[in-house]
Number of protein chains: 2
Amino acid sequence: MGSRSSSEITSKPIGIFDSGVGGLTVVRAVMRELPNESIVYFGDTARVPYGNKSTATIRRFAAEIVELLIEEGVKLIVIACNTVASNAREYLMDNYSVKFVDVIAPTVEAAIRVTKGKIGVIGTKATIGSGCYMRLIKKLAPNVEVIQKPTPLLVPFIEERHYNHTLDTLLEDYLRELRDAKIDTLLLGCTHYPLIKERIERIIGDEVVVIDSSHYTAKKVKAILQQHSMVNETAKPSHKFYFSDIPVDLPKLAHDFLGIEIEPYLKVLG
Amino acid sequence: MGSRSSSEITSKPIGIFDSGVGGLTVVRAVMRELPNESIVYFGDTARVPYGNKSTATIRRFAAEIVELLIEEGVKLIVIACNTVASNAREYLMDNYSVKFVDVIAPTVEAAIRVTKGKIGVIGTKATIGSGCYMRLIKKLAPNVEVIQKPTPLLVPFIEERHYNHTLDTLLEDYLRELRDAKIDTLLLGCTHYPLIKERIERIIGDEVVVIDSSHYTAKKVKAILQQHSMVNETAKPSHKFYFSDIPVDLPKLAHDFLGIEIEPYLKVLG
């Protein structure tokens, strides 16, 4: 990087990726927090979901995406997918010299700040199975009790926009154990879940604080860019949204997550 | 094929493929119908599900699998995935000279034989969206009324083995319209659905005949092999099960579909 001028680096885009559309909740928060930054997003919609796949496959897919984003000249990469962050973060950091920010640490730090001692964590099977939330919470706050629960059907419900009493029944199934254990804080360990945050809050009950990743991850991105004098203060941002498949529903679904219309571009991987 | 002896061809395996594990219901029926045939199965578990992906992506994935099966020397390929059959069948037949059997025509013929005039069809979004069941039924039996309903969340429920009251609630959502329309025959347009056939029968009601693909597809495979003198009458069969990802749950899930233990082999595609 030494040969590049500082302004050359600051004007580079931020890369953000996810297995599909969930990471767009993080894009939304980054746009709000850092309105002058350009963003290159990649959603691996041809191979979504990652949440029930093996660690080896998740790493292989993530590496392909990181290489694509590096080719796009990004100054920093946000792993906006809890499944990738929990199964491939160290692998990516060991193999690529670009700066990474992921959704896990900022969210865990936020949950520890608010908890009175008992945190529940929900996420995909691969995320929960990795044990990474449990380990990080125990490392930063050894006295906090952690109760984890894989909730693998929530992503399909959200992607199908199947928002009715059946989703409530499913949430009752999934959250009963956490409610009975009297958690005081619930960490949403998946970037899809903010779309049903209010429904989750209603079912888990008023006394539980529900925390999602997007806001805290965006704050962390800002802090790292500031720390390295890489914030883009002046430029007019331009965003690119790549997807490995563009099914008919994609524009509607992307709007659910991002709140604005986007023009998706097809980029075939693998 | 002219240069090969007949016995050389008969001893070749049958190729069977699916986006994941659903096609194993067809494997099970083929094993029962043709106990001397060797089978090479490929399940694209790294990229499953296909049901909400675009036709272009489904075709690309299917072509990669067909090429792999042709390299394995198969004498016939069974498209044991309704999503692929409905979106890529003609494309595959135009591009590869191997014989194909798929799950759609045999099942439609069976449904037409039993119906009194009103057939319901359920399947993934891509299957129903292709309109192929509607077209084929209307072509073979113009007076039969067809009511289609995409049921995209059934595959995730079956893959998660989430067999409880929430699945019943979901089935109530999905089947209400078909029950109200008083269908007399329900065609299960997805190779996953046989695993919840009894639950579907209970919810749709006794007066509806529920038809799944596996048995009729296996019969069709047998008829085609007989027609071309390609049945393997004597050999001891040997089977191979390839998957593009082997997540922890795979052996258990494969057992659900096939009824026997298998040793899955990893074969990375793309």
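Reading the values: rules and limits
- Residues numbered from 1 in each chain as written.
- Chains lettered and ligands numbered in written order.
- Predicted model: local features only at pLDDT ≥ 70, side-chain atom pairs only at ≥ 80, totals over all residues.
- Heavy atoms only, no water.
- Helix = DSSP H or I, 4+ residues; strand = E, 2+ residues; numbered from the N terminus.
- Buried < 20%, exposed > 50% of the residue type's maximum accessible area, 1.4 Å probe, protein only.
- Domains from an automatic or database assignment.
- Buried area = accessible area lost by both parts, 1.4 Å probe.
- Salt bridge = Lys/Arg side-chain N within 4 Å of Asp/Glu carboxyl O.
- Pairing = 2+ DSSP bridges.
- Axes fitted to C-alpha atoms, helices over the stretch in contact; angles between N-to-C directions.
- Polar contact = N/O pair within 3.5 Å; in protein donor to acceptor, adjacent residues only side chain to side chain.
- Contact = heavy atoms within 4.5 Å.
- Right-handed = clockwise from strand over helix to strand, strands pointing away.
- Expected span 1.5 Å × (residues − 1).
- Bend = angle between axes of the 7 residues up to and from the residue.
- Parallel < 35°, antiparallel > 145°, perpendicular 65-115°, else oblique.
- Left-handed = near helix turned anticlockwise from the far one by under 90°.
- Nonpolar A, V, L, I, M, F, W, Y, C, P; charged D, E, K, R; others polar.
- Least-squares fit on C-alpha atoms with pLDDT ≥ 70 in both.

### Points about unusual backbone geometry
Point 1. For the bond from V48 of chain A to P49 of chain A, the omega torsion is 0°, close enough to zero to count as cis.
Point 2. Inspection of the secondary structure puts P49 of chain A in the loop between β2 (39–43) and α3 (55–71).
Point 3. In this structure, R161 of chain B is a non-glycine residue whose phi angle is positive, near 55°.
Point 4. Examined against the element boundaries, R161 of chain B turns out to sit in the loop between α8 (154–159) and α9 (165–180).
Point 5. R161 of chain B gets classed as partly exposed once you look at its relative accessible area, which sits at 35%.

### A closer look at the domain arrangement of chain A
Residues and elements named next belong to chain A.
Point 1. With domains assigned, chain A is organised as domain 1 (6–102 + 215–266) and domain 2 (105–213).
Point 2. Taken over C-alpha atoms, the centre of domain 1 sits 22 Å from the centre of domain 2.
Point 3. On the domain 1 side of the contact with domain 2, N82, S86 and Y216 bury the most area, a combined 30% of that side's loss.
Point 4. One can count one salt bridge joining domain 1 with domain 2.

### Quick word on the sheet that holds strand β6 (residues 145–150) of chain B
Residues and elements named next belong to chain B.
Point 1. Overall, parallel pairing links the four strands, which are arranged β6-β5-β7-β8 in an open sheet. The sheet terminates laterally at β6 and β8 (209–212), the two strands that pair on one side only. For this sheet, the mean inter-axis angle between neighbouring strands, taken without regard to orientation, is 20°.
Point 2. In this sheet, β8 lies alongside strand β7 (residues 185–188) in parallel orientation, the contact comprising four bridges. Looking at the pairing, L186 lines up with V210 of β8.

### Examining the environment of H239 of chain B
All names here are of chain B.
Point 1. Relative to the assigned elements, H239 resides in the loop between α11 (213–227) and β9 (240–243).
Point 2. Taking relative accessible area as the criterion, H239 reaches 31% and is therefore assigned partly exposed.
Point 3. Measuring from C-alpha to C-alpha, the distance between H239 and T115 comes to 36 Å, with 124 residues separating the pair along the chain.
Point 4. Engagement of the side chain of H239 in a polar contact is seen with the backbone nitrogen of I39, the distance being 3.1 Å.

### Comments concerning the interface of chain A and chain B
Point 1. Taken together, the contact pairs 33 residues of chain A with 33 residues of chain B.
Point 2. Both sides of the chain A and chain B interface together cover about 2500 Å² of buried area, and 54% of this is carbon and sulfur.
Point 3. Counting the contacts that link chain A with chain B gives four salt bridges.
Point 4. Between E160 of chain A and K125 of chain B there is a salt bridge whose closest N-O contact spans 3.1 Å.

### Topic: the pairing of strand β3 (residues 76–79) of chain B
All names here are of chain B.
Point 1. The two faces of β3 match: L76 and V78 on one face and I77 and I79 on the other face are all buried.
Point 2. In this structure, β3 lies alongside strand β4 (residues 100–102), joined through three bridges in parallel fashion. By the bridge assignment for β4, I77 is matched with F100.
Point 3. For the crossover that starts at β3, traverses helix α4 (residues 82–95) and ends in the parallel β4, the hand is right-handed.

### Here we look at helix α9 (residues 165–180) of chain A
Residue and element names in this part refer to chain A.
Point 1. With 16 residues, α9 extends 21 Å between its outermost C-alpha atoms, agreeing within 8% with the 22 Å of an ideal straight helix rising 1.5 Å per residue.
Point 2. Its axis deflected by about 40° at Y174, α9 carries its strongest bend there.
Point 3. Residues T166, L167, D168, T169, L170, L171, D173, Y174, L175 and L178 constitute the buried set of α9.
Point 4. Near the N-terminus of α9, the side chain that reaches the backbone nitrogen of T166, with its oxygen 2.8 Å away, is that of N164.
Point 5. Looking at the residues trailing α9, positive phi occurs at K182, about 55°.

### Some details on the environment of N232 of chain A
All names here are of chain A.
Point 1. Inspection of the secondary structure puts N232 in the loop between α11 (213–227) and β9 (240–243).
Point 2. A relative accessible area of 6% places N232 in the buried class.
Point 3. The spatial distance from the C-alpha of N232 to the C-alpha of P194 is 27 Å, given a sequence separation of 38 residues.
Point 4. Contact partners of N232, with chain neighbours within four places excluded, come to T10, S11, N36, E37 and K75.

### A look at the side chain of D168 of chain A
Residue and element names in this part refer to chain A.
Point 1. By the element assignment, D168 lies in helix α9.
Point 2. A distance of 3.0 Å separates a polar atom in the side chain of D168 from a polar atom in the side chain of R199.
Point 3. Filtering out sequence-adjacent residues up to four positions away, D168 remains in contact with R199, R202 and I203.

### As for the packing of helix α5 (residues 104–114) of chain A against α11 of chain A
All names here are of chain A.
Point 1. α11 packs onto α5 with a crossing angle of 115° between their chain directions and a minimal axis gap of 8 Å. Between α5 and α11, the interaxial angle falls into the category roughly perpendicular. For the pair α5 and α11, the crossing hand works out as right-handed. Counted together, P106, T107, E109, A110 and R113 of α5 and S213, Y216, T217 and K220 of α11 form the full contact between these two elements.
Point 2. Here the contact of α5 with α11 is built from residues that sort into three nonpolar, three polar and three charged.

### Some thoughts on the relation of the copies chain A and chain B
Each of the two chain copies can be brought onto the other by rotation about an axis and movement along it.
Point 1. If you rotate chain A by 180° and push it 0.0 Å along the axis, it lands on chain B with an RMSD of 0.0 Å. Accordingly, the operation relating the two chain copies is best matched by a two-fold axis.
Point 2. Here 100% of the interface residues in chain A have copies in chain B that are interface residues too; the copies meet face to matching face.

### A closer look at the environment of K125 of chain A
Point 1. Tracing the chain through its elements places K125 of chain A in helix α6 (residues 125–130).
Point 2. Between the alpha carbons of K125 of chain A and N52 of chain A there is a distance of 5.8 Å; along the sequence they are 73 residues apart.
Point 3. The residues contacting K125 of chain A, other than those within four sequence positions of it, are G51, N52, P150 and P152 of chain A together with E160 and D249 of chain B.
Point 4. A polar atom in the side chain of K125 of chain A sits 3.1 Å from the side chain of E160 of chain B.

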